[in-house]
Amino acid sequence: MEICIIGAGYVGLTTTAVLAEFGHTVYCIEVNEKKINDLKRGKVPIYEPQLEELLQKNKEKISFTTDIGESINKCSVIFVTVGTPSREDGSTDLTYLYSAFDEISLWLTEFKTIIIKSTVPPGTNKSMSEYLAEKGISVSLFNIVSNPEFLKEGSAIYDMFHPDKTVIGLGNDDKVSEAILRKIYHRLDAPFIVTNWNGAEMIKYASNAFLATKISFINEIARVCEEYDADVMEVANGLGTDPRIGALFLQAGIGYGGSCFPKDLQSLNYSASVKSVHTPILEAVQLINRTQIDSYIKKLGEHLSLLKGKKITVLGVAFKPLTDDIRHSPAIDLITRLHTLGVDVHVFDPKAHLPLDKRHFATQHKTLKSSYLDSEAIVIATDWPEFRRMDWKHVKASLKGILILDGRNCVDKNVVEQHGLVYKGVGRR
Ligand SMILES: NC(=O)c1ccc[n+]([C@@H]2O[C@H](COP(=O)([O-])OP(=O)(O)OC[C@H]3O[C@@H](n4cnc5c(N)ncnc54)[C@H](O)[C@@H]3O)[C@@H](O)[C@H]2O)c1
Ligand SMILES: O=c1ccn([C@@H]2O[C@H](COP(=O)(O)OP(=O)(O)O[C@H]3O[C@H](CO)[C@@H](O)[C@H](O)[C@H]3O)[C@@H](O)[C@H]2O)c(=O)[nH]1
């Protein structure tokens, strides 16, 4: 099939690569000219494992362009993958979605299936259908389908090839889109969950809210563990063996971040509140996450007695490993807090960089080893694989202090202690 993908971000580029691998011809349309020029030269603007290789492998089937009209004319299917960020009040900013629909509307002369992959609040697919109708476009010229995406950054390609389900939400009278979606995704071995527009939108928000709840739950349990000489890793292990609970997303740490959980929880909260639905669980999940860094700043203060003027190394800038994405990164929150307290902050991340407006908060090093030379303490803020297997002998010889504060519970406590260093984790004994 010939498919248009609007937006060349994490979701748009992954969808482009995977659908091309499935044999489709893909036109990836993006407003940012620099991104398109880079992509045309084979330069992928984000770091995501396997993405560059898969785009390169399928380059004959992929066109990158800023010209929406020319591409739409060739395609019967349009995926919309533009960003849907949060507004100040927690509501979702749908500006990019509306701008994409404004552009699509100019070229709707033949029937198209418009698939919204962006995460959008309940009611949005319906609103977009009405929006096109209000522009005078006949409803016989389009079907809108909600097809939320569940990939995780750092394993986006794998996740898109191996989803646990494909969710599609259809308009009331839509009898044709399910077959089209099944044809697009013919290579996937996963059940289809077919519901209405609002059902699909809610599945996406409920999924992210539930995952974030698991994380805040285990972080709260970690706080209690610390007071009772219990180890949250052992508790999570025991807890996760119950299949009704499940072992995943029970990793205690300095909190969740990223481009999805923070904004999607706020958005769901907002969608509920405008209908006067009280959501104490969602609020508690966010409160725990907002305050999770506090106790680790306190631990640093207790160990070093005075933080002001001390040299401390933070390992990690990205919100999670295997990505250069820094949106809502807890590592950056931590760096910001330490900078505000007068700490001389030094950082290292294998892929991510501090944003321009926060570059002066810390010295960012090009190598791991140079980042901790003469530091009083190391704080692990992102669980990159290279931090798990650090050369602890070298660390001990290079540090001025002895504290390793593992904000992701990702390094071996015993190995660290064997090297004469002091280990403190999250909810650890
Ligand atoms: N990042 C993830 O891991 C992930 C996973 C699942 C779902 N989602 C959801 O998918 C959506 C996209 O997320 P993302 O992280 O890929 O966003 P992103 O910000 O990385 O990419 C969006 C891209 O769309 C482009 N764009 C905006 N308006 C456009 C227009 N009118 N025409 C063409 N291009 C346009 C932007 O320039 C940008 O490059 C969001 O709703 C997000 O919540 C993201
Ligand atoms: O046990 C855990 C698991 C994750 N995290 C943190 O949670 C955040 C989010 O991690 P993850 O969910 O792995 O990455 P995302 O790429 O944000 O993916 C989430 O958000 C996407 C966008 O909606 C969804 O598609 C995915 O299904 C959903 O997992 C990161 O800061 C992680 O460090 C923890 O603290 N403990």
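In the block above lies the structure referred to throughout.
Computed from a prediction, not measured in an experiment: that's the story for all the values here.

Trainee: So what's going on with the environment of Gly401? Residues and values would help.
Mentor: Relative to the assigned elements, Gly401 resides in the loop between helix H17 (392-398) and strand E13 (403-406). Overall, Gly401 belongs to the buried group, its relative accessible area being 14%. Not counting residues up to four positions away in its chain, the partners in contact with Gly401 are Ser375 and Glu376.

Trainee: Please give an account of the sheet that holds strand E2 (residues 25-29) that cites residues and values.
Mentor: On the basis of which strands lie adjacent, the open sheet formed by 8 strands has the order E3-E2-E1-E4-E5-E6-E7-E8 and mixed pairing. Two strands close off the open sheet at either side, each with one partner strand: strand E3 (62-65) and strand E8 (192-196). On average, adjacent strands in this sheet sit at an angle of 25 degrees to one another, irrespective of strand direction. With 5 bridges connecting them, strand E1 (residues 2-6) and E2 associate as parallel partners. Paired with Ile3 across the bridge in E2 is Val26.

Trainee: Quick rundown of the side chain of Arg428? Include the residues and the values.
Mentor: Relative to the assigned elements, Arg428 resides in the segment after strand E14 (422-424). Take Arg428: its relative accessible area is 17%, and that puts it in the buried class. Those residues in contact with Arg428 that lie beyond four places of it in its chain are Glu226, Ala230, Asp231, Met233, Asn409, Val411, Lys413 and Tyr423.

Trainee: Lay out the site of ligand 2 with the relevant residues and their values.
Mentor: The environment of ligand 2 is formed by 20 residues, the closest being Leu151, Glu153, Lys204, Asn208 and Cys260. Interatomic distance of 3.4 Å between a backbone N/O atom of Leu250 and an oxygen atom of ligand 2. Within the backbone of Gln251, a nitrogen or oxygen atom sits 2.9 Å from a nitrogen atom of ligand 2. For ligand 2, whose unbound accessible area comes to 690 Å², protein coverage reaches 91%. At 4 residues, the largest contribution of residues to the shell around ligand 2 is made by helix H9 (residues 197-227). Taken together, the residues of the shell around ligand 2 break down into 10 nonpolar, 3 polar and 7 charged.

Trainee: Could you give an account of the site of ligand 1, with specific residues and numbers?
Mentor: By nearness alone, 28 residues border ligand 1, and Glu30, Lys35, Thr84, Glu153 and Lys263 come closest of all. Between ligand 1 and Ser99, the relevant distance is 3.1 Å, taken from a nitrogen atom to a side-chain nitrogen or oxygen of the residue. Protein coverage of the free-state accessible area of ligand 1, which is 830 Å², stands at 91%. Counting residues per element, the ones that place at least two in the shell around ligand 1 are helix H1 (10-21) and helix H5 (95-105). No other element matches the 4 residues that H5 contributes to the shell around ligand 1. Each residue belonging to the shell around ligand 1 can be placed in one class, and the counts come to 11 nonpolar, 9 polar and 8 charged.

Trainee: So, helix H13 (residues 294-304): which residues are in play, and what are the values?
Mentor: The α-helix advances 3.6 residues per turn, and as a result positions three or four apart in sequence lie on the same side. Every buried residue belonging to H13 is among Tyr296, Ile297, Lys299, Leu300, Gly301 and Leu304, and all of these are buried. Those residues of H13 hidden inside the fold are in contact with H9, strand E9 (311-315), helix H14 (330-340), strand E12 (377-380), E13 and E14. Directly beyond the C-terminal end of H13, a positive phi value near 60 degrees is found at Ser305.

Trainee: Before we move on, can you summarise unusual backbone geometry with the specific residues and values?
Mentor: Among all residues save glycine, negative phi is the norm, and among peptide bonds the norm is trans. Even without being glycine, Phe249 reaches a positive phi, approximately 60 degrees. Structurally, the position occupied by Phe249 is in the loop between helix H10 (232-240) and helix H11 (261-273). For Phe249, a relative accessible area of 30% puts it in the partly exposed group. One non-glycine residue, Leu322, lies in positive phi territory at about 65 degrees. Looking at the secondary structure, you find Leu322 in the loop between E9 and H14.

Trainee: How would you explain the pairing of E13 if you had to name every residue and give the values?
Mentor: Alternating residues of E13 divide into Leu403 and Leu405 and Ile404 and Asp406, and every residue in both groups is buried. Of the pairings in the sheet, the one linking E12 to E13 comprises 4 bridges and is parallel in character. Looking across to E13, one finds that Ala377 is bridged to Leu403. Where E13 meets E14, 3 bridges bridge the pair, whose relative direction is parallel. Along E14, the bridge assignment pairs Leu405 with Lys424. Of the crossover connections in this fold, the one passing from E13 over helix H18 (residues 413-418) to the parallel E14 is right-handed.

Trainee: An account of the packing of H11 against helix H12 (residues 280-291) is needed here, citing residue identities and associated values.
Mentor: Two numbers describe how H11 lies on H12: the axes approach to 10 Å, and their chain directions differ by 150 degrees. Compared by their axis directions, H11 and H12 come out roughly antiparallel. The chirality of how H11 crosses H12 is left-handed. Residues Leu265, Gln266, Leu268 and Asn269 of H11 form the contact with H12, whose own contacting residues are Leu282, Glu283, Val285 and Gln286. Split by residue class, the contact of H11 with H12 holds 4 nonpolar, 3 polar and 1 charged.

Here is what the cut-offs are and how they apply
Residues numbered from 1 in each chain as written. Chains lettered and ligands numbered in written order. Predicted model: local features only at pLDDT ≥ 70, side-chain atom pairs only at ≥ 80, totals over all residues. Heavy atoms only, no water. Helix = DSSP H or I, 4+ residues; strand = E, 2+ residues; numbered from the N terminus. Buried < 20%, exposed > 50% of the residue type's maximum accessible area, 1.4 Å probe, protein only. Contact = heavy atoms within 4.5 Å. Pairing = 2+ DSSP bridges. Axes fitted to C-alpha atoms, helices over the stretch in contact; angles between N-to-C directions. Near = heavy atom within 4 Å. Polar contact = N/O pair within 3.5 Å; in protein donor to acceptor, adjacent residues only side chain to side chain. Areas by Shrake-Rupley, 256 points an atom, 1.4 Å probe, with all protein chains shown as cover. Nonpolar A, V, L, I, M, F, W, Y, C, P; charged D, E, K, R; others polar. Right-handed = clockwise from strand over helix to strand, strands pointing away. Parallel < 35°, antiparallel > 145°, perpendicular 65-115°, else oblique. Left-handed = near helix turned anticlockwise from the far one by under 90°.

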